[in-house]
Amino acid sequence: MPTIEFTCPDGSCRTVEARPGASVMETAVKLGVPGIVGECGGGLSCATCHVFVDVDQIDLTGRATDFEEEMLEDAVTPPTELSRLSCQVTMTDALDGLRVTIAKEQQ
Amino acid sequence: MTGCIAVVGAGQAGLQVALGLRALGYDGRVVLVGAEPELPYQRPPLSKGFLAGTVPVEELELRDASYLGEQRIELVLGRSVVEASVGDSGGELRLDDGTTLAFDGLALATGANARRLPVPGADLPGVLGLRSVADAERLRAGLADASDVVVVGGGFVGLEVAATARAQGKRVTVVEAADRLLARVAAAPFSAHVRAWHEAQGTTVLTGRTVAALAGSGRVGGVVLGDGHLLPADLVVAGVGAAPVTDLATALGLRVEHGIVTDPSGRTSHPRVVAVGDCTVQPHPHDPGRLLGVESVNNAVEQASAAAAVLLGLDPGPRGVPWFWSNQGELKLQLAGISDGHDTHVVRGDGQDGRLTVLYYRAGRLVAADVAGNPRDFNAVKDALARGCTIDPDAAVDTAVPLKTLVSAVREPASLA
């Protein structure tokens, strides 16, 4: 199974295995990775699963879509070019070893 | 002291109480009793991705079994509570397998049951409601073979099912008794926007029409409307709301008025018992003398987190801004605040670009907004409400001005609100 390495808001790192087809948000929430809330369960409505994708991997995940970008604009931690709502990033074998940093404050 | 807190109901709210207790450092036993056999799961995808077949059942699970184990949440699934008692120092539950469980704190998260259609023929095969994953599985199987789908009820669940069915190429008719869709929650321009979207997809929307009976021999074949008109249907979905499950609360002698009466933090009329989520009614935010049921994930999560603190004798803190979302195909609706009780509204946009916002005011002050396709407006309103601010209604109608630049402090005395 592909793995994801999370850098959590407290600075700790956590590597977890993800089911291919599951989103990065879902994987984090189900396993209790701290810092990702995902209140809307992937409905693209709450902006509480904001992550920054590793700069070397942003082309693999792709960048935020228009609606996602508008949600991110008002996220608690200001977005950058590397920002994604992790509910919109689906894990695949090609993303094995994905590294994301969780935004410091999620509502 | 038994060192045990029991949670009855393993939906989103019940799970959140259990996890909230751990997050607050509670070290005793936490037992989560659920009538359904599945691990606690999310309901919102049941009318959308799960129904469409794009979201597998594993994705519905709210937490992995391994994590629940780490958190020492004891799951008792597929079991119902048949008897309960509570006194000053704690109480006891008896389950349908005869086992008993002593507790010193109890959380009721018993949810709500889908209402059945109160008409002849409502029990015919092919007439389905949607509340549980089992319901959704039946509905998905029914949809696979159906050609003519009639959705009774133009609320969120009904409209989500209609959008999913229509996307699968079914002939879909929505029948709503009120004179417009979402009549209970949204103002007329918002209803019109939602209706136009569904009609553009090819769904037939009938408003101001009641259902008199469901026709068919052996299986549903049609819907008889109040005016005698017969709609052909091989699948009928009842999206006519839900009734809070309150039997246990009543048996415990708690105050129940339609739902279990709580405060925003889940306190009931008994100091050892909290109640959370869809089974509860709580003070109306604009009219505290009235009680309001708030069926949303946001309410389930926030009320449950607060109730966990209450059970531990801690300060639950203030609640956030109530909010809700509904994805109907590409139509994305986001609601912030409680619009019920508003006295005026203003409309921002004409919906032509897919975006429409309705802002609701009470005594001149912003209380809520319904937003279609515009996360910036939604976020601006949520932020304004969180900070106790308002938005100038006259300026808000100009869509060229970003709503967040119009958020300002309330000038009127709060007593007017």
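Procedures and definitions
Within each chain, residue numbers correspond to sequence positions counted from 1 in written order. As a convention, the first chain written is A and the first ligand written is 1, with the rest following in written order. Local features in a predicted model are, by the rule used here, given only for residues with pLDDT of at least 70; side-chain atom pairs are given and counted only at 80 or more, and totals for whole chains, interfaces and linings are based on all residues. Here the side-chain values reflect all heavy atoms present in the structure, with hydrogen atoms and water set aside. A pairing counts as a salt bridge when a side-chain nitrogen of Lys or Arg comes within 4 Å of a carboxyl oxygen of Asp or Glu. The secondary structure listing takes helices from DSSP runs of H or I that are at least 4 residues long and strands from runs of E that are at least 2 residues long, numbered from the N terminus. Buried residues are those whose accessible area, probed at 1.4 Å on protein chains only, stays under 20% of the maximum for their type, while exposed residues exceed 50% and partly exposed ones sit between those limits. The criterion used for residue contact is that any of the two residues' heavy atoms lie within 4.5 Å. Throughout, the accessible surface (probe 1.4 Å) given up by two parts as they are put together, summed over both, is called the buried area. Identification of polar contacts relies on pairs of N or O atoms within 3.5 Å, with a donor-acceptor requirement for protein atoms, meaning one able to donate a hydrogen and the other able to accept it, and with residues adjacent in sequence counted only if both atoms are side-chain atoms. What counts as an axis is a line fitted to C-alpha atoms, over the stretch in contact for a helix, and the angles between N-to-C directions run from 0 to 180 degrees. Roughly parallel covers angles under 35 degrees, roughly antiparallel covers those over 145, roughly perpendicular covers 65 to 115, and oblique covers all other angles. For any pair of crossing helices, the crossing counts as left-handed if the nearer helix is rotated counterclockwise from the farther one by less than a right angle, and right-handed if it is rotated clockwise. Each residue is assigned to one of three groups, with Ala, Val, Leu, Ile, Met, Phe, Trp, Tyr, Cys and Pro labelled nonpolar, Asp, Glu, Lys and Arg labelled charged, and all others, Gly among them, labelled polar.

*Asks:* Whenever I open this one, the pattern of salt bridges confuses me. Can you help?
*Replies:* Once their charged atoms are close, side chains differing in charge can pair, the charge on each being opposite to the other. All names here are of chain B. Tallying each qualifying case throughout the model produces 30 salt bridges over all chains. Among the salt bridges present, the one from R131 reaches E295, with a minimum N-O distance of 3.4 Å. Of this pair, R131 sits in the loop between β9 (127–129) and α4 (133–145) while E295 sits in the loop between β22 (287–292) and α8 (297–311), and the two are 164 residues apart along the sequence. Judged by its relative accessible area of 42%, E295 falls in the partly exposed class. R255 is the salt-bridge partner of E257, the closest N and O atoms lying 2.9 Å from each other.

*Asks:* How do you make sense of the interface of chain B and chain A when you look at a structure like this?
*Replies:* It is common to give the size of an interface as the accessible area that goes away when the parts come together. Each partner contributes to the interface: chain B provides 26 residues, whereas chain A provides 21 residues. Taking both sides of the interface into account, the surface hidden between chain B and chain A amounts to around 2100 Å²; carbon and sulfur atoms contribute 47%. It is B:E59, B:P375 and B:R376 in chain B that bury the most area against chain A; as a group they hold 23% of the surface buried on that side. Between the two partners, chain B and chain A, sit six salt bridges. Here chain B is connected to chain A by ten residue pairs in polar contact (both at pLDDT 80 or more).

*Asks:* Where do I start with the packing of helix α3 (residues 66–73) of chain A against helix α9 (residues 375–386) of chain B in this structure?
*Replies:* Any two packed helices are characterised by the angle at which their axes cross and by the distance between the axes. Between α3(A) and α9(B), the least distance of the axes is 8 Å, while the angle of their chain directions is 20°. In terms of orientation, α3(A) and α9(B) fall into the roughly parallel class. Between α3(A) and α9(B) lies a crossing whose hand is right-handed. Only B:P375, B:R376 and B:N379 of α9(B) make contact with α3(A), whose side of the interface consists of A:F67, A:E70, A:M71 and A:E73. The residue inventory of the contact of α3(A) with α9(B), partitioned by class, reads three nonpolar, one polar and three charged.

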